[in-house]
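Listed below, chain by chain, are the residues.
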Amino acid sequence: TTPQLLAGKRVVITAGPTVEAIDPVRYLSNHSSGKMGFALARACVAAGAEVILIAGGKVGLPTLLNVTRIDVLSAEEMLLTAQQCVAGTHAALQYVPEEEHEHHSEHSHDHSHEHHDDCGCGETHEHEDDHTHTHMHDHVTDDEPRVADVFIATAAVADYRTRDAAPQKIKKTQESMTLDLVKNPDILATISLAHPELFVVGFAAETQDVERYARGKLVSKDLDLIACNDVSRADIGFASDDNAMQVFFSERYEHDSVTLEKASKDKIAEQLTRIIGETLWQ
Ligand code: C5P
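The protein chain appears in an unreviewed UniProt entry as Coenzyme A biosynthesis bifunctional protein CoaBC from Psychrobacter halodurans.

Put into structure tokens, the structure is as follows:
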């Protein structure tokens, strides 16, 4: 049996790629599969946590049992959703009276998309472009929203997005064209710097100088842990089922680094979850 190192903890995880619209039918994205984030969500549930999984892009992975999953597209949408989930104010986390439970789970089964009052007008709307699948459990919040304890950023956030997505499909009338791109927000750093009490875990994919870059990000993004994989290796990472990682700890902790040998993403996720749980209690 898994040690319940995360019992009573609320964990928010970002996973998968983000999708940045170019026009109504085209987008910029990357090959992230979301597998690492989903494996971590499963491992955190097994360790007793309440898990909220923010899945970017078009992750085709099945929704996990006992995980509140929220699908988003762009980095900006992922940031807003992560901020609301960490603060405990996202619509998917509100207390829902007992009689509405069945209603909600039916909705998530037939994949209709319920849109809560994100526009702030005080009403609930139905939108076909909304990607929130609400899986209600007994998130009984009192008067105060419940803030998260742990934030894990596995998402492969697009570094850039189009400055303005074209409102209509772009026609192929020109021989060449230029996309005007602007930098996306750093979701991990934004969340981490805004919540000093939150236990924050980052990921890094590097091809060289793994340790130096990892330690730089630990400090600049104010992380507790960073898990790195060497993406110059063809046998691990991204779309692969396997991974191998080196975990670096913030100077606040007694450990310096730990190496996780090549294993399935599920196994790596279990080991990482144990490390998170043990470090959290230090
Ligand atoms: O800076 P770099 O992209 O290497 O950092 C990787 C880490 O930061 C990952 O944990 C990733 O999920 C997170 N990240 C983020 N938002 C970004 C870029 C990276 O949350 N815009």
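K.L.:
Please clarify how the UniProt feature "binding site: CTP" (unreviewed entry) in the protein chain should be interpreted in this entry.
P.N.:
Taking the numbering used here, the UniProt-annotated feature "binding site: CTP" (unreviewed entry) corresponds to Asp 159, Lys 169, Pro 185, Asp 186, Ile 187, Leu 188, Phe 203, Lys 217 and Lys 221. Spanning 63 residues, the named residues are also spread out in space, since their farthest C-alpha pair is 38.7 Å apart. The residue Leu 188 is located in helix 4 (residues 187-194) in this model. With 26 C-beta atoms packed within 10 Å, Leu 188 lands in the buried category. Leave out the neighbours within four places in its chain, and Leu 188 touches Ala 153, Gly 202 and Lys 221. As for its position among the elements, Phe 203 is in strand 11 (residues 199-206). Not counting chain neighbours up to four residues away, the residues in contact with Phe 203 comprise Ala 153, Thr 154 and Ala 227.

K.L.:
I would appreciate a short explanation of the site of the ligand in the present structure.
P.N.:
Surveying the vicinity of the ligand reveals 14 residues, the closest of which are Ala 153, Val 157, Ile 187, Leu 188 and Gly 202. Secondary-structure elements contributing two or more residues to the shell around the ligand are helix 4 and strand 11. Ranked by residues supplied to the shell around the ligand, first place goes to strand 11 with three residues. In the shell around the ligand, the residues fall into eight nonpolar, four polar and two charged.

K.L.:
How should helix 6 (residues 265-280) be read in this particular structure?
P.N.:
Two residues of an α-helix separated by three or four positions point the same way, owing to the 3.6 residues in each turn. The terminal C-alpha atoms of helix 6, which comprises 16 residues, lie 22 Å apart, in line with the 22 Å expected from a rise of 1.5 Å per residue. The complete set of buried residues in helix 6 reads Lys 265, Ile 268, Ala 269, Glu 270, Leu 272, Thr 273, Ile 275, Ile 276, Gly 277 and Thr 279. Among the structural elements, helix 1 (35-46), strand 8 (150-153), strand 11, strand 12 (225-230), strand 13 (242-249) and strand 14 (257-264) are those in contact with the buried residues of helix 6.

K.L.:
Explanation requested: the sheet that holds strand 4 (residues 50-55) in the structure shown.
P.N.:
In a beta sheet, neighbouring strands are held together by backbone hydrogen bonds and run either parallel or antiparallel to one another. Taken in spatial order, the eight strands line up as 5-4-1-8-11-12-13-14 in an open sheet, and their pairing is mixed. Since the sheet does not close on itself, it has two edges, and those belong to strand 5 (67-71) and strand 14, each with one partner. With direction set aside, neighbouring strand axes in the sheet form an average angle of 20°. Of the pairings in the sheet, the one linking strand 11 to strand 12 comprises six bridges and is parallel in character. Looking across to strand 12, one finds that Ala 204 is bridged to Cys 228. Helix 6 contacts strand 8, strand 11, strand 12, strand 13 and strand 14 of the sheet and is inclined by roughly 155° relative to strand 14.

K.L.:
Would you mind showing me how to read the pairing of strand 8 here?
P.N.:
Looking down a regular strand, the side chains alternate between one sheet face and the other. The side-chain alternation of strand 8 yields two buried faces, one formed by Val 150 and Ile 152 and the other by Phe 151 and Ala 153. Bridge count for strand 1 (residues 10-15) against strand 8 is four bridges, and the pairing is parallel. By the bridge assignment for strand 8, Thr 14 is matched with Ala 153. Sheet analysis places strand 8 next to strand 11, joined by four bridges and oriented parallel. Within the sheet, the bridge partner assigned to Ile 152 lies in strand 11 and is Val 201.

K.L.:
How do you make sense of the nonpolar core when you look at a structure like this?
P.N.:
Nonpolar side chains in soluble globular proteins tend to end up buried together. Counting 64 residues, the largest nonpolar core has Val 11, Val 12, Ile 13, Leu 40, Cys 44, Val 51 and Ile 54 as the members making the most contacts within it. Ignoring any residue separated from it by four or fewer positions in sequence, one finds Ile 13 in contact with Gly 37, Leu 40, Ala 41, Val 51, Leu 53, Ile 54, Ile 152 and Thr 154.

K.L.:
Just checking my understanding: could you explain the packing of helix 1 against helix 6 for this structure?
P.N.:
Think of two packed helices as two axes; the pair is described by the angle between the axes and how far apart they sit. Running from N to C, helix 1 and helix 6 point in directions that differ by 55°, and their axes come no closer than 8 Å. With respect to helix 6, the axis of helix 1 lies oblique. Crossing of helix 1 over helix 6 shows right-handed handedness. Here Lys 35, Met 36, Ala 39, Leu 40, Arg 42, Ala 43 and Cys 44 of helix 1 come into contact with helix 6, specifically with Lys 265, Asp 266, Ala 269, Glu 270, Leu 272 and Thr 273.

K.L.:
Would you explain helix 1 in this entry?
P.N.:
With 12 residues, helix 1 extends 17 Å between its outermost C-alpha atoms, agreeing within 8% with the 16 Å of an ideal straight helix rising 1.5 Å per residue. Within helix 1, burial applies to Lys 35, Met 36, Gly 37, Phe 38, Ala 39, Leu 40, Ala 41, Arg 42, Ala 43, Cys 44 and Val 45. Here the buried face of helix 1 lies against strand 1, strand 4, strand 5, strand 8, strand 13 and helix 6. Looking at the residues trailing helix 1, positive phi occurs at Gly 48, about 100°.

K.L.:
How do you make sense of unusual backbone geometry when you look at a structure like this?
P.N.:
Glycine aside, residues mostly have negative phi, and peptide bonds are mostly found in the trans state. Phi at Asp 209 is positive, roughly 45°, even though this residue is not glycine. Even without glycine at this site, Asp 222 takes up a positive phi of about 50°. In this fold, Asp 222 is placed in the loop between helix 5 (210-220) and strand 12. Residue Asp 222 is classed as partly exposed on the basis of its C-beta count, with 19 C-beta atoms lying within 10 Å.

What counts, and at which threshold
- Residues numbered from 1 in each chain as written.
- Predicted model: local features only at pLDDT ≥ 70, side-chain atom pairs only at ≥ 80, totals over all residues.
- UniProt positions renumbered as here; feature names shortened; annotations may be inferred.
- Helix = DSSP H or I, 4+ residues; strand = E, 2+ residues; numbered from the N terminus.
- Buried ≥ 20, exposed ≤ 12 C-beta atoms within 10 Å, placed from the backbone.
- Contact = placed C-beta atoms within 7 Å.
- Near = placed C-beta within 6 Å.
- Nonpolar A, V, L, I, M, F, W, Y, C, P; charged D, E, K, R; others polar.
- Expected span 1.5 Å × (residues − 1).
- Pairing = 2+ DSSP bridges.
- Axes fitted to C-alpha atoms, helices over the stretch in contact; angles between N-to-C directions.
- Core = buried A, V, L, I, M, F, W, Y, C linked by C-beta atoms within 7 Å.
- Parallel < 35°, antiparallel > 145°, perpendicular 65-115°, else oblique.
- Left-handed = near helix turned anticlockwise from the far one by under 90°.

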